[in-house]
Amino acid sequence: MIKTESFYDTPAPAGLTGIKAWLFTHDHKRLSLMYMWAILFWFVIAMIFGLLLRTELMSQGKTIMGPEMYNSLFTLHGVIMIFLFVIPAIPAIFGNFFLPIQLGTDDVFFPRLNLFSWYLYMFGGVFALISLFSGDGFPDTGWTFYVPFSVEANSNVSVTVMAAFILGMSSMLTGLNFITTFHRMRDKRMGLMQIPLFTWSLYATAWVQILATPVISITLVLVVVERLFSIGLFDPDKGGDPILYQHLFWMYSHPAVYIMILPGMGVISEIIPVFSRKSIFGYKAIVWSSMAIAVAGSLVWAHHMYTSGMSDVSVFVFSLLTFLVAIPSAVKVFSWIATMHRGSIEMTPPLLLALIFIYLFSIGGLTGLVLGAVGPDIHVHDTHFVVSHFHFVMFGGTGFAFFAALHFWWPKMFGIMYEFKKAYIGAALTGIGFLFHYVPMFILGLQGMPRRYYDYLPKYETGNFLAGFGGYLLCIGILIMFVNLFMSFKKRVPAPPDPWGATTLEWTISSPPPVHNFIEKPRIMEYPYDFSEVARRVEKAEK
Amino acid sequence: MNKRIDKTGIKIGMWLFLYSEIILFGGLFVLYAAYFYKYPEFFSEGGKELNRVIGTVNTIVLLVSSFTVAASITAIQRKAKKQAVLFLIFSILCGVVFLVNKYFEWGAKFHHDIYPNSETLNSGEVGLNIFFGLYYIITGLHGLHVIIGMILLSISLVFVLAGKVNESRFSMLENSGLYWHLVDLIWIFVFPLFYLVL
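This structure is a prediction, so every number in the text was calculated from the model and none was measured.

The rules we used
Residues numbered from 1 in each chain as written. Chains lettered and ligands numbered in written order. Predicted model: local features only at pLDDT ≥ 70, side-chain atom pairs only at ≥ 80, totals over all residues. Helix = DSSP H or I, 4+ residues; strand = E, 2+ residues; numbered from the N terminus. Rg over C-alpha atoms; globule rule 2.2 N^0.38 Å. Buried ≥ 20, exposed ≤ 12 C-beta atoms within 10 Å, placed from the backbone. Contact = placed C-beta atoms within 7 Å. Nonpolar A, V, L, I, M, F, W, Y, C, P; charged D, E, K, R; others polar. Expected span 1.5 Å × (residues − 1). Bend = angle between axes of the 7 residues up to and from the residue. Core = buried A, V, L, I, M, F, W, Y, C linked by C-beta atoms within 7 Å. Axes fitted to C-alpha atoms, helices over the stretch in contact; angles between N-to-C directions. Parallel < 35°, antiparallel > 145°, perpendicular 65-115°, else oblique. Left-handed = near helix turned anticlockwise from the far one by under 90°. pLDDT = per-residue confidence, 0-100.

**Some details on the overall build of chain A**
Consideration 1: In terms of helices and strands, chain A carries 16 helices and two strands.
Consideration 2: For chain A, whose C-alpha radius of gyration is 23 Å, the value lies close to the compact-globule estimate of 24 Å for 543 residues.
Consideration 3: Summarising its shape, the C-alpha atoms of chain A cover approximately 75 × 50 × 45 Å along the three principal directions.
Consideration 4: Residues counted as buried form 55% of the 543 residues belonging to chain A.
Consideration 5: Summarising the internal contacts of chain A: among those between residues at least 6 apart in sequence, 83% fall at separations of at least 24.

**Comments concerning the overall build of chain B**
Consideration 1: Counting its regular elements, chain B contains seven helices and zero strands.
Consideration 2: The linear arrangement of helices and strands in chain B, starting from the amino end, is α-α-α-α-α-α-α.
Consideration 3: On the principal axes, the C-alpha backbone points of chain B span a range of 60 × 30 × 25 Å.
Consideration 4: Evaluated residue by residue, chain B yields a buried proportion of 36% over its 198 residues.
Consideration 5: Across chain B, the fraction of contacts at a sequence separation of at least 24, relative to all contacts at a separation of at least 6, is 77%.

**Here's the deal with the interface of chain A and chain B**
Consideration 1: Taken together, the contacts link 30 residues of chain A with 25 residues of chain B.
Consideration 2: Counting residues per element, the side of chain A that touches chain B draws most heavily on helix H7 (residues 197-229) of chain A, at 10 residues.
Consideration 3: Among the residues making up the side of chain A that touches chain B, the classes are represented as 17 nonpolar, 10 polar and three charged.

**Some words on the environment of Val 96 of chain B**
Consideration 1: Relative to the helices and strands, Val 96 of chain B resides in helix H4 (residues 81-111).
Consideration 2: Val 96 of chain B gets classed as exposed once you count the C-beta atoms within 10 Å, which come to 12.

**Notes on the environment of Asp 241 of chain A**
Residues and elements named next belong to chain A.
Consideration 1: Looking at where Asp 241 falls in the secondary structure, it is placed in the loop between H7 and helix H8 (242-276).
Consideration 2: Looking at Asp 241, the number of C-beta atoms within 10 Å reads 18, which means it is partly exposed.
Consideration 3: Asp 241 sits 209 residues away from Ser 32 along the chain, and the two C-alpha atoms are 42 Å apart.

**Focus: H8 of chain A**
Residue and element names in this part refer to chain A.
Consideration 1: Compared with the 51 Å implied by 1.5 Å per residue over 35 residues, the 51 Å span of H8 between its first and last C-alpha is a close match.
Consideration 2: At Trp 250, H8 shows its largest bend, some 35°.
Consideration 3: Where burial is concerned, most of H8 is hidden: 32 out of the 35 residues are buried.

**Let's talk about unusual backbone geometry**
All names here are of chain A.
Consideration 1: In the segment running from Val 147 into Pro 148, the intervening peptide bond is cis, with an omega of 0°.
Consideration 2: Residue Pro 512 is reached from Ser 511 by a cis peptide bond, and omega for that bond is -10°.
Consideration 3: Here Pro 512 is to be found in the loop between strand S2 (493-494) and helix H16 (532-542).
Consideration 4: Here the phi dihedral of Phe 145 falls at roughly 50°; this positive angle occurs in a residue that is not glycine.
Consideration 5: Positionally, Phe 145 belongs in the loop between helix H4 (111-133) and helix H5 (149-152).
Consideration 6: For Phe 145, a count of 24 C-beta atoms within 10 Å translates into the label buried.
Consideration 7: Even without glycine at this site, Arg 277 takes up a positive phi of about 50°.

**Observations regarding the nonpolar core**
Consideration 1: Ile 268, Ile 271, Phe 357, Ala 404 and Ala 405 of chain A are the most contacted members of the largest nonpolar core, which has 209 residues in total.
Consideration 2: With residues near it in sequence (within four places) discarded, Ile 268 of chain A still touches Trp 336, Ala 354, Phe 357, Ile 358, Ala 401 and Ala 404 of chain A.

**Brief notes about the environment of Ala 467 of chain A**
All names here are of chain A.
Consideration 1: Along the polypeptide, Ala 467 turns up in helix H15 (residues 461-491).
Consideration 2: Overall, the presence of 24 C-beta atoms within 10 Å leaves Ala 467 in the buried class.
Consideration 3: Taking the C-alpha atoms as reference, Ala 467 lies 10.0 Å from Leu 444; in sequence the two are 23 residues apart.
Consideration 4: The residues touching Ala 467, leaving out its near neighbours within four places in the chain, are Arg 54, His 437, Pro 440 and Met 441.

**A few points about the packing of helix H11 (residues 349-372) of chain A against helix H13 (residues 384-414) of chain A**
Residue and element names in this part refer to chain A.
Consideration 1: Look at H11 against H13: their axes get within 8 Å of each other, and the N-to-C directions meet at 160°. The angle between H11 and H13 falls in the class roughly antiparallel. When you trace H11 past H13, the crossing you get is left-handed.
Consideration 2: Partitioning the contact of H11 with H13 into residue classes produces 18 nonpolar, eight polar and no charged.

**A short note on the packing of helix H3 (residues 67-102) of chain A against H4 of chain A**
Residues and elements named next belong to chain A.
Consideration 1: Axis separation between H3 and H4 bottoms out at 12 Å; the angle between their running directions is 160°. Between H3 and H4, the interaxial angle falls into the category roughly antiparallel. The chirality of how H3 crosses H4 is left-handed. Residue-level inspection shows Val 79, Ile 80, Leu 84, Pro 88 and Asn 96 of H3 in contact with H4, the latter providing Asn 114, Tyr 121, Gly 125 and Ala 128.
Consideration 2: Broken down by class, the residue content of the contact of H3 with H4 amounts to six nonpolar, three polar and no charged.

**Concerning the confidence of the model for chain B**
Residues and elements named next belong to chain B.
Consideration 1: Chain-level statistics for chain B give a pLDDT mean of 92 and a share of 98% at 70 or above.
Consideration 2: Considering each helix and strand of chain B separately, the mean pLDDT is smallest for helix H5 (residues 119-123), with a value of 85, and largest for helix H3 (residues 52-77), with 95.
Consideration 3: Complex prediction metrics read pTM 0.93 and ipTM 0.90.

See the structure below:
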């Protein structure tokens, strides 16, 4: 490998220096890092909010905050986690960095639009901050902004809603950029079935983003319009129908769940074969299941509304469709496990995190079926069971995929290695804390404890205390993981171009990559997960 | 980055964006459908109060302007800069005419105390309130798109005058033109839904 200047030392466009080299950059790698710091900031904020919520619930009655504050905090926790962390996290950070490289090209198709998306993201974040410190107090509607409360509440809902609108634009433009890059910038010799699975998953995600995001945009616009002009489109007194709001809202927000999980699945599909030293099982099945999830996932939104009073026919149809989504998801889980079967497994922190992902995501998926079936759903609707279910998928799934991606690509992005032992401890603690935190919520939910309630009956106290205790374990685990990663900046143990023995294109270039990614023409393999060469290399080293 | 210009790629990006705009209006059309089903008689009553003449004039204005935008793109490809400029100015003027008409149309409604949260609508039938609410939101959002389209066309006009848009690089003009066609296309659906079928 020729020694080359990394993108840190080469501004793009050329000539920019200092902070300008970052703020006006067109380089997808610099943008990815800028996203990373902003997203991590919001993640930590929302995590602290979550921890405060669970601390409040650890004992009956008032513990550390009043009920209004509690309502605001769960709203903010939801809004920030969804719109500022989970949706952008993997596509904006790792997608921006690695999608062009995995396609064998030098940047995304619209580099300036990419920069614009980043500014929209920051702008949306600033709006969210403004909504906190202006007007008549924090928004307290819950992240779903359900009418009529969101229209009538005195709190600062309009600004928060506008923030969500802007963030939606940002994620949609990123999706648009990825699709165009995928089709027009891909190396000419790379056929569709030679594309790495992470990029495939981002492609499927991008379609959902473009398909669904405008619906939330118009819904949020309507909330603001209603607040300003009180037309009454969702107000029964004026002839409106509040249920229609729920339909419009979930028409986006359910597909958004797949915007969140699909990139995570893509990350896992990269990590599992690398550390099993074995070609991924069912490459085509995984590609097709990504697309199938994107399509089927767009048609299941009303399963959030079984108790809203819609007709039995729609309840039946949406329940059936919901069950269909489980099939492509299961195809992926089985493919990952089949990949590991008889592989030559090498344990590393990213693999451990990926394994935790598979375990937690499976639980999240299976409990999703409980909620997808109408009978049990009516029993546990709006209880802690639901809270636990979607945290298993969003956090146990996407969250852990995000951590896994951080540990997997960290050496490539920064050119340095982190310490394995601390990473293991952090990951294991996060996993254990996670189970302590969320399993009690399943039980609480089945016993009938509603979500979003400030106080509860004495019989729920043990469960809530355990959950709070788990929350602290979880946060300590995450803290250890992050501190360990950040310590690597201090020690600066250089990482080789391919520390893991991986096969996709990003591992063929130096760490960190040069500004145009490829110095010489990338060598496109016939099949992206062919480990025969890696195996030969290892054998030679052993001799 | 500027060495190669992939016009197809730029167009793909633009079409994806236009598609998202259609979905944006799609949400409103869903509301229209649901409420039309719920209040058919009030929709027909409200629809009769809308001014068909102004609606028709506006439709013609937009269709003509769509043609002139397309003509200006062809003109620039044939290196006829002056023609292109004239066609563009005419299209922007059409946009102005459309908005002026809209202003008079809305103004007349306001004059009759028909606007969101007005006394007449609040105390009258709820079906009528929903109809006019949708009317204001949909035509209002469309009007906003007309304004955005005019801004885009104006920017393209400046670029044409400055020579930045020319026979070999006209993606900016072409995409602004596409956006203008979208504005037109949405109106083609809005017009019958509010003025004709009811």
